[in-house]
Amino acid sequence: MGFSQHDEIDEAYSTVKATFASHKTKSLEWRVLQLQKVWWMLEDNKDRIVEALYQDLHKHKLEALSIDVSGIQTACLYTLKHLKSWTSDDKPNRFNALNFFGGTRVRKEPKGTALILSAWNYPFMELFEPMICAIAAGCSMVLKPSEVAVASQNLIQEIVPKYLDQDAIRVVTAGPSEMGHILQKRWDHIFFTGSTTVGRLIYEKAASHLTSVTLELGGQGPAIVSAHADVDLAAKRIAAAKFLNAGQVCLTVNHIFVDPAVKEPFISSLVKYFDQYLKGSDGSPDHYSHIINDRNFNRLDTLLQQTSGTVIYGGQRDPKTRRFLPTIVDNVTMSDSLMSEELFGPILPILDATLDESIQHIVKNNHPLALYPFTTSAAEKDKVLRSTASGGVTINDVIVHMITEDAPFGGTGHSGMGAYHGQYGFREFTHFRTVVDVPKWLDMVLKPKYPPYTEESAQAMSKIFRPVDTVWFDRDGRRVRSRFQWIWSTGDGFFEAKGYFTRRTRISALGN
């Protein structure tokens with residue numbers, strides 16, 4: 001299949017825009033039906049999804065089903081279970097008088113028409129999970145699967161129209177030229193998964209329309225193996241994570257800082273587990289993924305050829321099949337070619353560093369999408385968390401924080417902005433609209449707000465906005481009285497005659 005033509009993109013855009021304007025997607029019934037259809041779309045086509053992923057990445061059925069089918073279905077069911085509560089109005093603190101009498105509420109309204117752009121390494125999960133969030137929020141949308149995973153792209157283009165509402169959810173395909181045309185349009189939200197380089201371009205285009213974005217990017221996620229680590233467990237779990245999809249995972253371990261005191265047994269265990277995972281095969285196990293295309297294979301090949309480190313395990317690769325086996329490189333430094341970019345492949349650099357040295361290196365560089373400290377010391381765990389920044393952290397394992405239920409997944413800084421999964425994804429596509437219905441009688445209390453302004457009205461309004469004149473701390477932050485004593489010793493405020501307001505103001509102060 002060729003890419004969508006400009007007129008096809010225009011038609012898809014105008015259709016979903018018009019559908020959103022008709023308010024069709026705001027209906028809870030519409031959202032529920034579409035989510036149910038998503039589940040069956042995956043169920044009915046799971047064998048074809050597995051085959052497409054095998055064609056694109058030589059991905060084994062275990063990886064394909066668990067992540068790109070079952071994982072999405074679970075997210076779909078979780079959303080259906082909680083959709084009503086997510087979409088219900090919030091009612092802010094009723095101890096505040098204006099909130100109480102004005103009936104303040106926060107409506108959850110869809111942002112509008114969304115553009116969802118997925119990456120190639122998990123072409124179904126990275127497209128359909130944000131789509132589930134957008135449907136839950138009540139948005140219309142255009143989906144653009146990755147053109148790099150061709151078989152997956154073609155299958156998505158075929159099955160989505162058969163199951164989902166084509167007035168509100170469209171699929172377009174695009175290369176660089178078509179993407180330029182897509183990004184010229186005014187979207188209400190853009191959700192992008194991919195590299196930091198492309199993410200920056202998406203952000204620039206979105207900024208021209210003041211469009212909000214979610215950027216799920218990457219980064220050189222490090223593991224730290226401290227002197228207090230369970231070395232064998234660390235090796236087992238890191239090797240398994242690097243084996244997954246041949247290292248083509250934004251969350252995988254990019255490189256490892258290993259304390260010299262445990263380096264030798266750690267590497268020995270790392271080799272042991274890679275051997276186990278490869279099952280002593282002839283170097284071409286059928287359960288191991290291949291590199292997605294020639295460009296990425298050649299990129300990895302060049303980085304490995306240029307390294308000043310020592311290849312101590314693996315390194316076997318075949319450009320014809322793009323098979324690139326797990327490769328351990330020892331004696332790597334921060335200036336090495338392997339540390340010049342996110343590897344996104346099966347190469348695993350080892351750097352000598354104590355815990356403190358590891359933290360120093362991490363702090364000097366861009367915030368990674370994930371950080372993986374391996375240690376049995378509670379003090380070391382706390383030190384890593386206090387001293388670093390990253391999108392997420394899994395301690396003594398890899399990637400697990402991404403699959404925890406109802407917790408946000410996303411990056412920070414160069415590794416992205418925004419987060420999704422569960423209610424957090426719903427929020428990305430949602431505008432929180434505050435509504436207050438002010439009764440006429442409240443003017444008896446708010447009379448000082450009306451001109452002409454006088455000294456008396458100024459003092460009265462000041463009391464409304466700051467009913468408390470004394471506090472429990474001095475200018476240097478020292479406590480001068482207990483909070484309990486402060487609450488009951490404050491002078492009469494503007495609302496003193498209105499007993500309800502006074503009580504509410506004082507109770508509110510207690511909760512601050």
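Anything mentioned here points back to the structure above.
What counts as what
- Residues numbered from 1 in each chain as written.
- Predicted model: local features only at pLDDT ≥ 70, side-chain atom pairs only at ≥ 80, totals over all residues.
- Heavy atoms only, no water.
- Helix = DSSP H or I, 4+ residues; strand = E, 2+ residues; numbered from the N terminus.
- Buried < 20%, exposed > 50% of the residue type's maximum accessible area, 1.4 Å probe, protein only.
- Contact = heavy atoms within 4.5 Å.
- Areas by Shrake-Rupley, 256 points an atom, 1.4 Å probe, with all protein chains shown as cover.
- Lys, Arg positive; Asp, Glu negative; His and termini not counted.
- Charge placed at Lys NZ, Arg CZ, Asp CG, Glu CD.
- Expected span 1.5 Å × (residues − 1).
- Arc of directions from axis to C-beta.
- Salt bridge = Lys/Arg side-chain N within 4 Å of Asp/Glu carboxyl O.
- Axes fitted to C-alpha atoms, helices over the stretch in contact; angles between N-to-C directions.
- Parallel < 35°, antiparallel > 145°, perpendicular 65-115°, else oblique.
- Left-handed = near helix turned anticlockwise from the far one by under 90°.
- Nonpolar A, V, L, I, M, F, W, Y, C, P; charged D, E, K, R; others polar.
- Disulfide = S-S within 2.5 Å.
- Pairing = 2+ DSSP bridges.
- Polar contact = N/O pair within 3.5 Å; in protein donor to acceptor, adjacent residues only side chain to side chain.
- Patch = residues over 30% accessible without salt bridge, like charges linked within 9 Å, V, L, I, M, F, W, Y side chains within 5 Å.

Peer 1: So what exactly am I meant to see when it comes to the overall build of the protein chain here?
Peer 2: Along its length, the protein chain carries 19 helices and 17 strands. In the protein chain, which comprises 512 residues, the share counted as buried stands at 51%. For the protein chain, the share of sequence-separated contacts (at least 6 apart) that also reach a separation of at least 24 residues comes to 70%. Counting every atom, the protein chain has about 23,600 Å² of accessible surface; 53% of that belongs to carbon and sulfur. Side-chain charges in the protein chain split into 56 positive and 57 negative, and the spacing between the mean points of these groups amounts to 9 Å.

Peer 1: I keep staring at helix H2 (residues 28-44) and nothing clicks. Help me out?
Peer 2: Given 3.6 residues per helical turn, the α-helix brings residues three or four places apart onto the same face. Taking 1.5 Å per residue as the helical rise, H2 with its 17 residues ought to reach 24 Å, and the 24 Å between its terminal C-alpha atoms agrees with that figure. Every buried residue of H2 is accounted for by Trp30, Arg31, Gln34, Leu35, Val38, Met41 and Leu42. Down the axis, H2 shows its buried residues gathered within 130 degrees of arc, on one side only.

Peer 1: Teacher, can you tell me more about the pattern of salt bridges here?
Peer 2: Two side chains of opposite charge can pair, provided their charged atoms sit close to one another. For the coordinates displayed, the defined rule picks out 27 salt bridges. With a shortest N-O distance of 3.1 Å, Glu158 and Lys162 are connected by a salt bridge. Residue Glu158 and its partner Lys162 are both found in helix H7 (residues 150-163); the two are separated by four residues, about one turn of the helix. Owing to a relative accessible area of 59%, Lys162 belongs among the exposed residues under this scheme.

Peer 1: Explanation requested: the packing of helix H4 (residues 61-87) against helix H6 (residues 125-137) in the structure shown.
Peer 2: The description of two helices packed together rests on the angle between their axes and the distance between the axes. Running from N to C, H4 and H6 cross one another at 10 degrees; their axes reach a closest spacing of 10 Å. By the angle class used here, H4 and H6 are roughly parallel. Seen from above, H4 lies across H6 with right-handed handedness. For the pair H4 and H6, contact is made by Ile67, Asp68, Gly71, Ile72, Ala75, Cys76, Thr79, Leu83 and Thr87 and by Met125, Phe128, Glu129, Ile132 and Ala136, respectively. Of the residues assigned to the contact of H4 with H6, the class counts are nine nonpolar, three polar and two charged.

Peer 1: I keep staring at helix H17 (residues 455-465) and nothing clicks. Help me out?
Peer 2: The complete set of buried residues in H17 reads Ser457, Ala460, Met461 and Ile464. Buried residues of H17, viewed axially, fall in a sector of 95 degrees; they line one side. Tucked into the core, H17 has its buried residues touching helix H16 (443-446).

Peer 1: I tried to follow the environment of Cys139 on my own but got confused; where do I start?
Peer 2: Mapped onto the elements, Cys139 comes out in the loop between H6 and strand S3 (140-144). Here Cys139 falls in the buried class, since its relative accessible area comes to 0%. Remark: the alpha-carbon pair of Cys139 and Phe429, spanning 290 residues in sequence, is separated by 7.3 Å. When sequence neighbours within four positions are dropped, the list of residues in contact with Cys139 reads Phe20, Thr25, Trp30, Pro110, Lys111, Gly112, Ala134 and Phe429.

Peer 1: Which parts of the structure should I look at to understand the state of the cysteines?
Peer 2: Applying the stated criterion to the full structure yields zero disulfides. Here Cys133 stays unpaired: no disulfide links it, and the sulfur of Cys139, its closest cysteine neighbor, is 10 Å away.

Peer 1: It is not clear to me how the packing of helix H13 (residues 355-364) against helix H14 (residues 378-387) should be interpreted in this structure. Could you clarify?
Peer 2: Running from N to C, H13 and H14 cross one another at 20 degrees; their axes reach a closest spacing of 10 Å. Considering the angle they form, H13 stands roughly parallel to H14. As H13 packs across H14, the resulting crossing turns out to be right-handed. Between H13 and H14, the contacting residues are Leu355, Asp356, Ile359 and Val363 on the first element and Glu380, Lys383, Val384 and Ser387 on the second. Split by residue class, the contact of H13 with H14 holds four nonpolar, one polar and three charged.

Peer 1: Would you mind going over the sheet that holds strand S2 (residues 113-117) with me for this structure?
Peer 2: Spatially, six strands are ordered S4-S3-S2-S5-S6-S16 in an open sheet, and the strand pairing comes out mixed. Edge strands, defined here as strands with exactly one partner in the open sheet, are strand S4 (169-171) and strand S16 (416-417). Looking at chain direction, S3 and S4 are connected through three bridges and run parallel. The residue of S4 that forms the bridge with Leu143 is Val171. Where helix H1 (residues 6-21) meets the sheet, its contacts fall on S2, S3 and S4, and the angle it forms with S3 comes to roughly 155 degrees.

Peer 1: For this particular structure, what's the right way to read the side chain of Glu380?
Peer 2: By the element assignment, Glu380 lies in helix H14. Lacking a salt bridge, the buried Glu380 has Lys383 as its closest oppositely charged neighbour, with an N-O distance of 7.8 Å. Within the structure, the side chain of Glu380 is placed 2.9 Å from the side chain of His228, a separation counted as a polar contact. For Glu380, the contacting residues outside a window of four places in its chain are Ser226, His228, Leu355 and Thr375.

Peer 1: Teacher, can you tell me more about a nonpolar patch on the surface here?
Peer 2: Taken together, the side chains of Leu98, Val436 and Val438 define a hydrophobic patch exposed on the protein surface, amounting to about 230 Å² of accessible area. Secondary-structure assignment places Val438 in the loop between strand S17 (430-435) and H16. We classify Val438 as partly exposed; its relative accessible area is 47%.

Peer 1: How do you make sense of the sheet that holds strand S12 (residues 327-330) when you look at a structure like this?
Peer 2: Where strands meet in a sheet, backbone hydrogen bonds hold them as pairs that are either parallel or antiparallel. Within the open sheet, the seven strands sit side by side as S9-S12-S13-S8-S7-S14-S15. Their pairing is mixed. A strand with exactly one partner marks an edge of an open sheet, and here the two such strands are strand S9 (310-313) and strand S15 (392-393). For S12 and strand S13 (residues 347-352), the ladder comprises three bridges, and the chain directions are parallel. Residue pairing for S13: Thr327 is matched across the bridge by Ile347. Contacting strand S7 (222-225), strand S8 (255-258) and strand S14 (370-374), H13 crosses the sheet at an angle of about 165 degrees to S7.

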